[in-house]
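# Remarks on the overall topology
Okay, here's what each chain looks like letter by letter:
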Amino acid sequence: MTVNGVAVAFSVNGVAHRLEVGPGETLLRTLRERLRLTGTKDGCVEGECGACTVLVDDRPVDSCILLTAALEGRQVRTVEGLSGDGALGPLQQAFIDHGSVQCGFCTPGFLMTLTALLEENPSPSSFEVREALDGNICRCTGYRQIIEAVAAVTAESTRP
Ligand code: FES
Ligand code: FES
């Protein structure tokens, strides 16, 4: 602990960081304002909308209500980590192909929640997808296109 805050070491998308953070600094603020990873969106900023969802040790969390000081040794993944070598990941591409992105504000949060789901359960039922998305709000799509994008990805991955 220093006068200004606490030093915390953690990784984001596989890159190691060591930062000094204040006691009230949220992971959302650290990502957007200090690491310039602005793919993670700030919506309600009170843990209700899911726009700020990232993965911490493979579990989806609302980064707007998680203190960065609690992340010592943890592994964070954000939407920026889903694409590589300039190519979108399969779930990102499926969102585009199925019209699952309209205003796009909710999209990073949906992608991270669904990434965690598919890593744990590569063939979720429609009910399991809807259940996983309980904490993510989309005001544009009506959710149907998002469910269809997940179905397309799972069908692709299970094709013989
Ligand atoms: S911005 Fe974090 S849940 Fe809405
Ligand atoms: S695409 Fe606009 S809120 Fe979901």
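For the structure itself, look to the data block above.
Calculation criteria
Residues numbered from 1 in each chain as written. Chains lettered and ligands numbered in written order. Predicted model: local features only at pLDDT ≥ 70, side-chain atom pairs only at ≥ 80, totals over all residues. Heavy atoms only, no water. Helix = DSSP H or I, 4+ residues; strand = E, 2+ residues; numbered from the N terminus. Expected span 1.5 Å × (residues − 1). Buried < 20%, exposed > 50% of the residue type's maximum accessible area, 1.4 Å probe, protein only. Salt bridge = Lys/Arg side-chain N within 4 Å of Asp/Glu carboxyl O. Contact = heavy atoms within 4.5 Å. Axes fitted to C-alpha atoms, helices over the stretch in contact; angles between N-to-C directions. Parallel < 35°, antiparallel > 145°, perpendicular 65-115°, else oblique. Left-handed = near helix turned anticlockwise from the far one by under 90°. Nonpolar A, V, L, I, M, F, W, Y, C, P; charged D, E, K, R; others polar. Pairing = 2+ DSSP bridges.

## Observations concerning helix α3 (residues 107-120)
Under the 1.5 Å per step criterion, the end-to-end length of α3 is 20 Å for 14 residues, consistent within 8% with the ideal 20 Å. The element α3 is extensively covered by neighbouring structure, given that 12 of its 14 residues are classed as buried. Those residues of α3 that sit buried are T107, P108, G109, F110, L111, M112, T113, L114, T115, A116, L117 and L118.

## Let's talk about the pattern of salt bridges
On inspection of all chains with the given rule, the structure shows 8 salt bridges. The partner of R32 in a salt bridge is D42, with the nearest N and O atoms 3.9 Å apart. Taken together, the residues span a long stretch of sequence, with R32 in helix α1 (residues 27-34) and D42 in the loop between α1 and β3 (53-56) at a distance of 10 residues. Relative accessible area serves as the criterion here: at 22%, R32 is assigned to the partly exposed category. By relative accessible area, which is 37% here, D42 ends up partly exposed. Measuring nitrogen to oxygen at the nearest pair gives 3.2 Å for the salt bridge that ties R59 to E120. In this pair, R59 is assigned in strand β4 (residues 59-62) and E120 in helix α3, connecting sequence segments 61 residues apart. Each member of the pair R59 and E120 is classed as exposed. Ionic contacts of the salt-bridge type, sharing partners, join the residues D58, R77 and E119 into one network.

## Regarding the side chain of T40
Structurally, the position occupied by T40 is in the loop between α1 and β3. Here T40 is in contact with L28, L31, R32, A51, C52, V54, S63, T78, V79 and E80, once residues within four sequence places are set aside.

## Looking at the packing of helix α2 (residues 90-97) against α3
Orientation of α2 relative to α3, taken along the N-to-C sense of each, is 130°, at an axis distance of 10 Å. For the element pair α2 / α3, the angle class is oblique. Relative to α3, the crossing made by α2 is right-handed. Contacts between α2 and α3 involve L91, Q92 and F95 from the former and T107, F110, L111, L114, T115 and L118 from the latter. Residue classes in the contact of α2 with α3 are distributed as 6 nonpolar, 3 polar and no charged.

## Topic: the sheet that holds strand β1 (residues 6-12)
Strand order in the open sheet made by the 5 strands is β2-β1-β5-β3-β4, with mixed pairing throughout. This sheet does not close on itself; its edge strands, each paired only once, are β2 (15-21) and β4. Across this sheet, the average inter-strand angle for adjacent strands is 40°, counted without regard to direction. In terms of strand pairing, β3 meets strand β5 (residues 75-77) through 2 bridges, oriented antiparallel. Residue pairing for β5: V56 is matched across the bridge by V76. Docked against the sheet, α1 engages β1, β2, β3 and β5, running at close to 110° with respect to β2. On top of the sheet, α3 reaches β3, β4 and β5; it is set at about 35° to β3, its chief contact.

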